[in-house]
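Listed here are the chains, written in short residue letters.
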Amino acid sequence: MTRIRLVIRNMATPSWLGSIPHNFGDAAAGTLKADEWWMMATVYLPIALISLWGKGTVHASHSAATWLKQILDHTLDLVSAVSLARMRTMTESWMDAYRCYLISWVSSLNIHHPDADHRVNNHMAFHIYDFLRLFGPVRSWWCFLFEQLIGQLQ
């Protein structure tokens, strides 16, 4: 986690992209808001992991490098699915790509994380494909604005 924090802290980002707490992961940082989780999961974490585990990085052994690259690819399957689901517009090919990335991520979950449990959330994520087909982009039917209002009222 320390190496990831170092990569994230030294990262230059566009002014329109919000930030996450510099001490993310510490109890003092508190919990992330939904938008901060999105930024962490789809922007900061992939860049950090690619710089630590991607092509051209140095590891103790070839097998360790291969394993970390597989974990990276597995993680990026989920990041890609989430990114596609959050698109402002939706096309048939993006819906299909969402489902393919999700299938790839779920099918190799036990390979890369043997102690992981298949949760109901994994099953429900496949229904997002159906909702994308029925209702269009997630932004047109999510409850983010209501959740944000509830947070402000609290």
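In this report, we go over the structure that sits alongside the text. (Residues numbered from 1 in each chain as written. Predicted model: local features only at pLDDT ≥ 70, side-chain atom pairs only at ≥ 80, totals over all residues. Heavy atoms only, no water.)

1. Concerning the packing of helix α4 (residues 92-107) against helix α6 (residues 120-135)
- As a packed pair, α4 and α6 sit with axes 10 Å apart at the nearest point and diverge in direction by 175°. By the angle class used here, α4 and α6 are roughly antiparallel. Taking contact as the criterion, the partners of E92, M95, D96, Y98, R99, L102, I103, W105 and V106 in α4 are, on α6, N122, A125, F126, I128, Y129, L132 and R133.
- Split into classes, the residues belonging to the contact of α4 with α6 amount to 11 nonpolar, one polar and four charged. (Axes fitted to C-alpha atoms, helices over the stretch in contact; angles between N-to-C directions. Helix = DSSP H or I, 4+ residues; strand = E, 2+ residues; numbered from the N terminus. Parallel < 35°, antiparallel > 145°, perpendicular 65-115°, else oblique. Contact = heavy atoms within 4.5 Å. Nonpolar A, V, L, I, M, F, W, Y, C, P; charged D, E, K, R; others polar.)

2. Structural notes on the pattern of salt bridges
- Following the criterion strictly, the structure yields three salt bridges and no others.
- A salt bridge links K69 to D73, with the nearest nitrogen and oxygen atoms 2.8 Å apart. Linking K69 with D73, this pair stays in helix α3 (residues 62-85), spanning four residues, or about one helical turn.
- Its relative accessible area of 34% is what places D73 among the partly exposed residues.
- Residues D96 and R99 are paired through a salt bridge, measuring 3.8 Å at the closest nitrogen-oxygen approach. (Salt bridge = Lys/Arg side-chain N within 4 Å of Asp/Glu carboxyl O. Buried < 20%, exposed > 50% of the residue type's maximum accessible area, 1.4 Å probe, protein only.)

3. What about the packing of aromatic side chains?
- Scanning the entire structure with this criterion turns up three aromatic pairs.
- Arranged with centres 5.6 Å apart and planes meeting at 75°, the rings of F131 and W141 form a pair that is edge-to-face. Here F131, found in helix α6, pairs with W141, found in the loop between α6 and α7 (144-153); they are 10 residues apart in sequence, far enough to count as distant.
- Take F131: its relative accessible area is 32%, and that puts it in the partly exposed class.
- W141 gets classed as partly exposed once you look at its relative accessible area, which sits at 28%.
- Among the aromatic residues, those joined into a ring-pair cluster are F131, F135 and W141. (Phe/Tyr/Trp six-rings, centres within 6.5 Å; stacked < 30°, edge-to-face > 60°.)

4. Some words on the nonpolar core
- The biggest cluster of nonpolar side chains holds 14 residues, and the ones touching the most others in it are M95, Y98, L102 and L132.
- Elements supplying a minimum of two residues to this core: α3, α4 and α6.
- Tallying contributions element by element places α4 first for this core, with five residues.
- By size, the runner-up hydrophobic cluster in this structure holds nine residues, among which are L32, M39, M40 and Y44. (Core = buried A, V, L, I, M, F, W, Y, C linked by side-chain atoms within 4.5 Å.)

5. Brief notes about the environment of G151
- Along the chain, G151 turns up in helix α7.
- Between the alpha carbons of G151 and K33 there is a distance of 9.3 Å; along the sequence they are 118 residues apart.

6. Comments concerning helix α2 (residues 34-53)
- Taking 1.5 Å per residue, 20 residues should reach 28 Å; α2 reaches 26 Å between its end C-alpha atoms and fits that length.
- The largest bend in α2 is about 40°, located at M40.
- Those residues of α2 that fall on the buried side of the exposure criterion are M39, M40, T42, V43, Y44, P46, A48, L49 and L52. (Expected span 1.5 Å × (residues − 1). Bend = angle between axes of the 7 residues up to and from the residue.)

By themselves, these are just geometric observations and shouldn't be taken as functional.
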